[in-house]
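Close look at the chain arrangement
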Protein chains: 2
Amino acid sequence: MARPLEGLGLDLASLAAAYAGGTTPADVVDEVFARIEACGDPGIFISLADRAALRAAAEALGATPDGRALWGVPVAVKDNIDVAGLETTAACPAFAYRAAEDAVAVSRLKAAGALIVGKTNLDQFATGLVGLRTPYPVPLNAVDPSLVPGGSSSGSAVAVAKGLVAFALGTDTAGSGRVPAGLNNIVGLKPTVGAIPTKGVVPACKSLDCVSVFALSVDDAYAAFSAMAGFEPSDPFSRDVRTAPVGLAPPKFRVGVPTPQTRSFGGDPAAEAAYEATLADVAALGGEIVELDFEPFFAVAGLLYSGPFVAERQEAIRGFIETNADDIHPVTRQIIEGARRFDAGHAFGGMYELAAMRRALSGPLGSVDCLLVPTYPRPRTVAEVSAHPVGLNSEFGAYTNFVNLMDLCALAVPGRPRPDGLPAGVTLIGAAGADARLAAIGERLHAMGETPLGALGLPAPAAPDRAPAPAPDETAIVVVG
Amino acid sequence: MARPLEGLGLDLASLAAAYAGGTTPADVVDEVFARIEACGDPGIFISLADRAALRAAAEALGATPDGRALWGVPVAVKDNIDVAGLETTAACPAFAYRAAEDAVAVSRLKAAGALIVGKTNLDQFATGLVGLRTPYPVPLNAVDPSLVPGGSSSGSAVAVAKGLVAFALGTDTAGSGRVPAGLNNIVGLKPTVGAIPTKGVVPACKSLDCVSVFALSVDDAYAAFSAMAGFEPSDPFSRDVRTAPVGLAPPKFRVGVPTPQTRSFGGDPAAEAAYEATLADVAALGGEIVELDFEPFFAVAGLLYSGPFVAERQEAIRGFIETNADDIHPVTRQIIEGARRFDAGHAFGGMYELAAMRRALSGPLGSVDCLLVPTYPRPRTVAEVSAHPVGLNSEFGAYTNFVNLMDLCALAVPGRPRPDGLPAGVTLIGAAGADARLAAIGERLHAMGETPLGALGLPAPAAPDRAPAPAPDETAIVVVG
């Protein structure tokens, strides 16, 4: 069958242009299904929307854009987020249930005109950063299939990197929305904790979980974020976070980076060189580099798996693990059952430690406008991670694990490329509520990086023209609900 | 020995008048020691300051007031709060240590000119609301020695009610700063969580503990609170809470009270009648009574002892309880060891429940300016509580247990008296940061109540003239640190 849209980029600007030229959402649905089939990777999606039903929904949008931000935009959703009528598996077939209602994030996407194409693969129960901990086929890394795709939001990242959808939802508790973005040369937006309601998401660590966005550009990711963010009274973890429009990057800003002694690239000089090249880009953008001792951040991260917060994962599936322990992926089970060594007093003790660490780090964090870290120390192959499933998973989380515990937001973008073509991402990290500020800096950084987009060979998007950003003293305010 | 100050009230106004008339702080120290001896209750203080040293400190203040808010004011401190050079026992001799430094609250009192007279008895490890759970003699209730003194801050409340000191510090996690105030006809100010730093306090539930104040009047309690409140960076639980001056009570305000179906007086009609008489006073002050279903508040309280938050008490003395379980009061031990049934997942589950309950109650709480509840359902005798040490302790906490978990502040004041002369207190409860608002209402309510002060037979203080309070839309803001 002829595919007139075969060459169409699914970024929002290209889609809008196609719709302005007479393409219909039903055409795009057909093209998306064709691409998924042509792609031939059975690991990306766990389930797909009923094609006829999705075509009908596309036709119901009407023939011409109606002004909604995501009109006719095809989206993939990680399979730990409820989409009404589809199964939610969390990559554990024995756990699966058919969702009666959309998660709040999904219902907001639909309200903005988006079309949900299917549910994507993940590290089971969103526990992992590698993408291998699934009973389904492992999605192939879009840049280099010998590499792990990253996780836990593996399928969502690969779907975007391969141009199958415009953007995809992930979740991010410990880095699941950033590491796969970095490993597939795309953008991963991990918002302020609570900015997007998590009602309708299978919890990993309920107090830390975020819905995240994978997209080809910062601009697209932020558009999706804006459509989903906003206070939801029925979600106890929802917060009233201001979603300011993305402005100009400030002409001068202070960027905290790990001291050389506290940088780790797993012994990979190419990763180190790529990070340093990106730091030069940041300086060219007006960023003043401020070296910070990262040991205290790594100590925070220790609370997540080595400390009592792993018990949040146990609590999330307490009933299930009691009856179905053998249905759980062996590595996942080993990690979650590690929570058994902690009693309730330990959990409170962990919270006291975290409070003290947050207080101690408020000084260094207050001295800079954002942090810039490698998204992960180095890429790893499927073979390597299979041989060291826990140790190399931990390696991936070095620069991501502390972020949600510290109540920070983050934005992963492709950085300067490595000579060997392997993916080399960086992540901007900011205070709660600084999502727009990170986007303003991140889109410029992405444009400078000259990394081809995803697996598509397209150039990185140019930074759009913007109105000036708010002055530094107008930093967004977070109201804790 | 002649005691020229025998008749001196130790409220701040009387003290100031005496100092203006030539009395010296050393004279007051002598009088305080004389009163403690004359009082003849060995249960009030666990230890006293060295008299010569305190006299020297008093003399070092100079002969005339220097403008400091608490110049020459004699104060008692609950014995779970560090005073440098004195032992901190937490009412557990095997746990005792000599404090090297003052708690932040104590050092701020000293900086304001206060003189620390001694350390007061308490329910061991601040676990209890009755005052009986101590290996030391039980302090006698100042109003009626057949009644329990209330706890956990038993000695501090009795010391104030008997006129031994101007005010006394307590701590309050579940009601320990309110129940003893109610049972001894005095004022108990339980500030916003984090408003007074808790650094240097033996933790009960570290995330909920407050330093509290017992005084003869709201005005005095607020003066002590103001001297101690303020952000302390080295205390991870300290918050930047605005301590506004006490203004006029607003001419009209909405007061949430339990519906008749959710009021409990333990079958004591006199307690019920006294509460209703105080409600009439509130209405006369301009308060519009709004009946609220209190079952959800009682459900919050269930998390504290029946739920996983009891594990905070376990964590606070983890090392000690492992080695010294037999040195712990049997009732206290039974309660704290109850935490053993909770694992770390349960602790997180309890926090999820609490988050949901807080969200659900934000509507009812937002519909009123404050709550007004009985401080406890009914007074109980030592004999009754000795026979039912856990059940009647729980009864005392009906209207206090939920407050800190909900991040509310509270002010206990004597209410309308009962015909039988037993103590009948009420407690105002407000949002975090509303301490000044509660004080403005509370001092008027106290003045109307016509309850004799403490055990002194003095009339309740008249409400002072005040500048107008801020308008309702200028409610104090709490910044979460």
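These numbers were taken from a predicted model, which means no experiment stands behind them.

In this section: the overall build of chain A. In terms of regular secondary structure, chain A is built from 17 helices and 15 strands. Relative to its length of 481 residues, chain A is compact, with a C-alpha radius of gyration of 21 Å against a globular reference of 23 Å. Counting the 481 residues in chain A, one finds 63% classified as buried. In chain A, of all internal contacts separated by at least 6 residues, the share reaching a separation of at least 24 is 75%. When the accessible surface of chain A is totalled, it reaches about 16,000 Å², and 57% of it is carbon and sulfur. Taken as two groups, the 35 positive and 51 negative side-chain charges of chain A have centres that lie 2 Å from each other.

We now examine the side chain of Asp11 of chain B. All names here are of chain B. Turning to its location among the elements, Asp11 is positioned in the segment before helix 1 (12-20). Despite its burial, Asp11 remains without a salt bridge, the nearest opposite charge being carried by Arg35 at 8.5 Å. A polar contact of 2.7 Å, which involves the side chain of Asp11, links it to the side chain of Ser14.

This brings us to the pairing of strand 7 (residues 187-190) of chain A. Residues and elements named next belong to chain A. Neither face of strand 7 is exposed, since Val187 and Leu189 on one face and Gly188 and Lys190 on the opposite face are all buried. In the sheet, strand 7 pairs with strand 8 (residues 210-215) via 3 bridges, with the strands oriented antiparallel. Of the residues in strand 8, the one forming a bridge with Gly188 is Phe214. Examined bridge by bridge, strand 7 and strand 13 (residues 408-414) share 3 bridges and lie antiparallel to one another. Among the inter-strand pairings, Lys190 is bridged to a residue of strand 13, identified as Ala410.

This part takes up the sheet that holds strand 7 (residues 187-190) of chain B. Residues and elements named next belong to chain B. Spatially, the 11 strands line up as an open sheet ordered 1-5-2-6-8-7-13-14-12-10-11, and their pairing is mixed. Every other strand in the sheet has two partners, leaving strand 1 (45-48) and strand 11 (287-292) as the edge strands with one partner each. Between one strand axis and the next, the sheet turns through 25 degrees on average, direction left out of account. Note: strand 10 (residues 253-258) against strand 12 (residues 370-374), 2 bridges, orientation parallel. Following the sheet pairing, Val255 is matched in strand 12 by Cys370.

The next point concerns the relation of the copies chain A and chain B. Each copy superposes on the other: chain A lies on chain B with an RMSD of 0.0 Å after a rotation of 180 degrees and an axial shift of 0.0 Å. In symmetry terms, the pair is related by a two-fold rotation axis.

Below, the discussion takes up the interface of chain A and chain B. Taken together, the contact between chain A and chain B spans 30 residues of the former and 31 residues of the latter. Surface buried jointly by chain A and chain B totals about 2,400 Å² across both partners, of which 65% is contributed by carbon and sulfur atoms. Looking at the side of chain A facing chain B, the largest losses of area belong to Phe348, Tyr352 and Arg359 of chain A, adding up to 32% of the total buried there. Of the charged contacts in the structure, one is a salt bridge between Arg318 of chain B and Asp343 of chain A, with a shortest N-O distance of 2.8 Å. For the pair chain A and chain B, the number of links is 17 residue pairs in polar contact (both at pLDDT 80 or more). For the side of chain A that touches chain B, the element with the most residues is helix 13 (residues 344-366) of chain A, which contributes 11 residues. Of the residues that constitute the side of chain A that touches chain B, the class distribution is 15 nonpolar, 7 polar and 8 charged.

Residues and elements named next belong to chain B. Within the secondary structure, Asn184 is located in the loop between helix 6 (179-183) and strand 7. Residue classification places Asn184 among the buried residues on the basis of a relative accessible area of 0%. Separated by 2.8 Å, the side chain of Asn184 and the backbone oxygen of Pro180 make a polar contact. Dropping the residues within four chain positions of it, Asn184 is found in contact with Asn141, Ala142, Val143, Pro149, Ala157, Val158, Ala161 and Gly454.

Under the criterion given, the structure shown has 30 aromatic pairs over all chains. Here the aromatic rings of Phe125 of chain A and Phe320 of chain A are separated by 6.0 Å at their centres, their planes lie at 65 degrees, and the arrangement is edge-to-face. Remark: Phe320 of chain A occurs in helix 11 (residues 318-324) and Phe125 of chain A occurs in the loop between strand 5 (115-120) and helix 5 (154-161); sequence separation between them is 195 residues. Judged by relative accessible area, which is 11%, Phe320 of chain A ranks as buried. Pairing Phe237 of chain A with Tyr352 of chain B gives two aromatic rings, centres 5.9 Å apart and planes at 80 degrees, and the pair type is edge-to-face. Of the two residues, Phe237 of chain A sits in the loop between helix 7 (218-228) and strand 9 (240-241) while Tyr352 of chain B sits in helix 13 (residues 344-366), which places them in two different chains. Under the relative-accessibility criterion, Tyr352 of chain B is labelled buried at 12%.

The subject of this paragraph is the pairing of strand 11 of chain B. All names here are of chain B. In terms of strand pairing, strand 10 meets strand 11 through 6 bridges, oriented parallel. Looking at strand 11, one finds that Phe253 is bridged to Gly287. Traced from strand 10 through helix 8 (residues 269-284) to strand 11, the parallel crossover comes out right-handed.

Let us look at the packing of helix 8 (residues 269-284) of chain A against helix 17 (residues 435-449) of chain A. Residue and element names in this part refer to chain A. Two numbers describe how helix 8 lies on helix 17: the axes approach to 10 Å, and their chain directions differ by 125 degrees. Between helix 8 and helix 17, the angle is such that the two are oblique. Here helix 8 runs over helix 17; the crossing is right-handed. Facing helix 8, whose interface residues are Thr278, Asp281, Val282 and Ala284, helix 17 presents Leu445, Met448 and Gly449. Taken together, the residues that form the contact of helix 8 with helix 17 break down as 4 nonpolar, 2 polar and 1 charged.

Now for helix 12 (residues 330-337) of chain B. All names here are of chain B. Among the residues of helix 12, Val331, Thr332, Ile335 and Ile336 are the ones counted as buried. End-on, the buried residues of helix 12 take up no more than an arc of 125 degrees, which puts them together on one face. Opposite the packed face of helix 12, turned more than 90 degrees from it, sit the exposed residues Pro330 and Gln334. Tucked inside the fold, the buried residues of helix 12 contact helix 9 (295-305), helix 10 (310-316) and helix 11 (318-324).

Right, let's get into the environment of Asp435 of chain A. Residues and elements named next belong to chain A. In this structure, Asp435 sits in helix 17. With relative accessibility at 6%, the residue Asp435 sits in the buried group. Each C-alpha atom, one on Asp435 and one on Val246, is 8.6 Å from the other, the two residues being 189 residues apart in sequence. Residue contacts for Asp435: discarding those within four places in its chain leaves Lys190, Pro191, Thr192, Tyr222, Phe225, Val241 and Cys409.

Attention shifts here to the sheet that holds strand 6 (residues 167-172) of chain A. All names here are of chain A. Strand order across the open sheet formed by 11 strands is 1-5-2-6-8-7-13-14-12-10-11, with mixed pairing between neighbours. Of all strands in the sheet, those with a lone pairing partner are strand 1 (45-48) and strand 11 (287-292), marking the two edges. Taking the axes of each pair of neighbouring strands and ignoring which way they run, one obtains an average angle of 25 degrees across the sheet.

Counting 97 residues, the largest nonpolar core has Leu70, Leu109, Phe167, Leu169, Met228 and Leu372 of chain A as the members making the most contacts within it. The greatest single-element share of this core, amounting to 7 residues, is contributed by helix 7 of chain A. Judged by nonpolar contacts, the second largest core, of 96 residues, contains Leu5, Leu15, Ala76 and Ala440 of chain B.

Scored by pLDDT, chain A comes out at a mean of 94, with 96% of its residues at no less than 70. Within the model, the stretch residues 469-481 of chain A combines pLDDT values under 50 with 21 contacts to residues more than four positions away or in other chains.

We now examine the pattern of salt bridges. If you walk through the whole model with that rule in mind, you get 57 salt bridges over all chains. In this structure, the salt-bridge partner of Arg333 of chain B is Glu337 of chain B, at a minimum N-O distance of 3.0 Å. With Arg333 of chain B and Glu337 of chain B both in helix 12 and 4 residues apart, the pair spans about one turn of that helix. Look at the salt bridges and you will find they share partners, linking Asp30, Arg51, Arg55 and Glu59 of chain A into a network.

Here we take up helix 5 (residues 154-161) of chain B. Residue and element names in this part refer to chain B. In terms of residue burial, helix 5 counts as a mostly covered element, since 8 of its 8 residues are buried. Taken as a whole, helix 5 has its buried residues at Ser154, Gly155, Ser156, Ala157, Val158, Ala159, Val160 and Ala161. Backbone geometry just downstream of helix 5 places Gly163 in the positive-phi region, at approximately 75 degrees.

Let us now look at the environment of Tyr136 of chain B. Residue and element names in this part refer to chain B. Structurally, Tyr136 is set in the loop between strand 5 (115-120) and helix 5. The exposure class of Tyr136 is partly exposed, given its relative accessible area of 23%. Taking the C-alpha atoms as reference points, Tyr136 and Ala436, 300 residues apart in sequence, are found 36 Å from one another. Excluding residues that lie within four positions of it along the chain, Tyr136 makes contacts with Ile46, Thr89, Ala91, Pro93 and Asn121.

Rules used in this analysis
- Residues numbered from 1 in each chain as written.
- Chains lettered and ligands numbered in written order.
- Predicted model: local features only at pLDDT ≥ 70, side-chain atom pairs only at ≥ 80, totals over all residues.
- Heavy atoms only, no water.
- Helix = DSSP H or I, 4+ residues; strand = E, 2+ residues; numbered from the N terminus.
- Rg over C-alpha atoms; globule rule 2.2 N^0.38 Å.
- Buried < 20%, exposed > 50% of the residue type's maximum accessible area, 1.4 Å probe, protein only.
- Contact = heavy atoms within 4.5 Å.
- Areas by Shrake-Rupley, 256 points an atom, 1.4 Å probe, with all protein chains shown as cover.
- Lys, Arg positive; Asp, Glu negative; His and termini not counted.
- Charge placed at Lys NZ, Arg CZ, Asp CG, Glu CD.
- Salt bridge = Lys/Arg side-chain N within 4 Å of Asp/Glu carboxyl O.
- Polar contact = N/O pair within 3.5 Å; in protein donor to acceptor, adjacent residues only side chain to side chain.
- Pairing = 2+ DSSP bridges.
- Axes fitted to C-alpha atoms, helices over the stretch in contact; angles between N-to-C directions.
- Least-squares fit on C-alpha atoms with pLDDT ≥ 70 in both.
- Buried area = accessible area lost by both parts, 1.4 Å probe.
- Nonpolar A, V, L, I, M, F, W, Y, C, P; charged D, E, K, R; others polar.
- Phe/Tyr/Trp six-rings, centres within 6.5 Å; stacked < 30°, edge-to-face > 60°.
- Right-handed = clockwise from strand over helix to strand, strands pointing away.
- Parallel < 35°, antiparallel > 145°, perpendicular 65-115°, else oblique.
- Left-handed = near helix turned anticlockwise from the far one by under 90°.
- Arc of directions from axis to C-beta.
- Core = buried A, V, L, I, M, F, W, Y, C linked by side-chain atoms within 4.5 Å.
- pLDDT = per-residue confidence, 0-100.

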